[in-house]
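Structural overview for review
Listed below, chain by chain, are the residues.
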Amino acid sequence: MNYAYRPEDLKVQHDGFKWSAAGVGVIPAWIADMDLPTAPEVVEALRRRAAGDLGYPAWLTDPAIGPLGEAFAERMARRYGWTADPSLVRSFNDLNQALQVLLQVATKPGDGVAVHTPAYPPFLTTLDVMDRPLHPIRLEPDGDSWRFEVPDLSDCRVLLLVNPHNPTGRVFTRAELTELAEHAERYDLLVIADEIHADLTYAPHEHIPFATILPERTVTITSATKAFNLGGIRCSVAHLGHQGVRKALEAQPPFVYGSANLFGVEATVAAWRHGDAWLDRTVALLGRHRRTIAERLPATFEYRIPEATYLAWFQVGRAGMAEVIEREAKVLLMDGAAFGPGGERHVRLNFATTEPILAEILTRLSHVG
């Protein structure tokens, strides 16, 4: 992989939201985009499609989006031992849209949603705007990792499970997932399992699809966009294991929530079927990065090495430190307060960048007072 070495080089190469939001001289390490080159297999698939037929695709009227559902099922079987039914796959623009659609058709205002917190901010915004009250399952520090205790969920309709977890990087164990499944059965919950970070799990940790434990209650939502850095592609999938959700969606007008984009399907299928060599190299790089952070981070930052993702979650002593870090160190991070209960006095750093850029970020952070 041919990586740029200087922040100014990356700012020229990357004109998206991540870098454009950073001020002069500021290194952005906030939103979850990589600074790394796109997998060549994806680039080639998009070039081939652009030079070929841009008319209506052969899978236009296929609810499972033809090759997208098939590629998803193949990947789940190959990597996770899950025999997913491709006919139960539906496409969405991204996971936020998928979540909003699922809540719209399967719940009503006032229905509670249990979420492990701190939590991905757009999901919290969705719950607030849609009037689906948040019932936090608090993640608490536990040695080098995190633990949680499930509260009373009798007032909930949905368990929104983010595994691997964003922002802590926690990978839930089979025992923990089994306990959550027992709660879902006890309280008659729909489980929406966001597994978008699954391909970014570091050995010896193992991602276990929740649908392999409780298939009839689970809708799995995921995408190639996080592991393969394709956020702008706007393509995600939902596997509808829950029969009631399937029927609710089938009762909607066929195009009310949009349909899959031709280039999004091409990029996703290419990534899932042909991009694993690129992914292996990238995960190896990210694995080194997460340990470099542990070695070089100032002692004033409390950090647990993530078991998955390319996101580092720090406790920084007091609220408002993201603003201080941006001003004093010229590094743009995400303020933990945006992640809801448990996020106060934290910041999140995206370490999916080049080795020299990460080194510069850590050098700058070492000077924060």
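Everything numeric here is computed off the predicted structure, so don't read it as measured data. (Residues numbered from 1 in each chain as written. Predicted model: local features only at pLDDT ≥ 70, side-chain atom pairs only at ≥ 80, totals over all residues. Heavy atoms only, no water.)

Notes on the overall build of the protein
- The helix and strand tally for the protein stands at 12 helices and 14 strands.
- A globule of 369 residues ought to have a C-alpha radius of gyration of about 21 Å, and the protein, at 20 Å, matches this closely.
- Of all 369 residues assigned to the protein, the portion counted as buried reaches 57%.
- Taking contacts inside the protein between residues at least 6 apart in sequence as the whole, the part at least 24 apart equals 73%.
- Split by element, the accessible area of the protein, about 15,600 Å² in all, is 51% carbon and sulfur.
- Charge centroids of the protein, computed over 36 positive and 46 negative side chains, lie 3 Å from each other. (Helix = DSSP H or I, 4+ residues; strand = E, 2+ residues; numbered from the N terminus. Rg over C-alpha atoms; globule rule 2.2 N^0.38 Å. Buried < 20%, exposed > 50% of the residue type's maximum accessible area, 1.4 Å probe, protein only. Contact = heavy atoms within 4.5 Å. Areas by Shrake-Rupley, 256 points an atom, 1.4 Å probe, with all protein chains shown as cover. Lys, Arg positive; Asp, Glu negative; His and termini not counted. Charge placed at Lys NZ, Arg CZ, Asp CG, Glu CD.)

Side note on the sheet that holds strand β5 (residues 145–148)
- Across the sheet, 8 strands lie side by side as β2-β9-β8-β7-β6-β3-β4-β5; this open sheet has mixed pairing. Each edge of the sheet is formed by a strand with only one pairing partner; in this case those strands are β2 (89–92) and β5. Direction aside, neighbouring strands of the sheet carry axes that sit 25° apart on average.
- Across 4 bridges, the pairing between strand β3 (residues 112–117) and strand β6 (residues 156–162) is parallel. Note on β6: the bridge partner recorded for Val113 is Val158.
- Packing against the sheet, helix α8 (residues 243–250) makes contact with β2, β7 (190–194), β8 (218–222) and β9 (236–240), and its axis sits at approximately 120° to β9. (Pairing = 2+ DSSP bridges. Axes fitted to C-alpha atoms, helices over the stretch in contact; angles between N-to-C directions.)

A look at the side chain of Arg217
- On the secondary structure map, Arg217 appears in the loop between β7 and β8.
- With a relative accessible area of 14%, Arg217 lands in the buried category.
- For Arg217, the residues in contact, after removing those within four places along its chain, are Ala184, Glu185, Asp188, Leu189, Leu190, Val191 and His242.

Things to note about unusual backbone geometry
- Following Thr117, the chain continues into Pro118 via a peptide bond in cis, with omega recorded as 5°.
- On the secondary structure map, Pro118 appears in the loop between β3 and α6 (121–129).
- That bond from Asn163 to Pro164 is cis: its omega, -5°, falls within 30 degrees of zero.
- For Pro164, the position within the fold is in the loop between β6 and α7 (174–186).
- With phi around 75°, Thr309 is a residue other than glycine that occupies positive phi space.
- Looking at where Thr309 falls in the secondary structure, it is placed in the loop between β10 (302–303) and β11 (311–315).
- One non-glycine residue, Lys330, lies in positive phi territory at about 60°.
- Within the element layout of this structure, Lys330 appears in the loop between α11 (321–329) and β12 (331–332).
- According to the relative accessible area criterion, Lys330 is partly exposed, its value standing at 38%.

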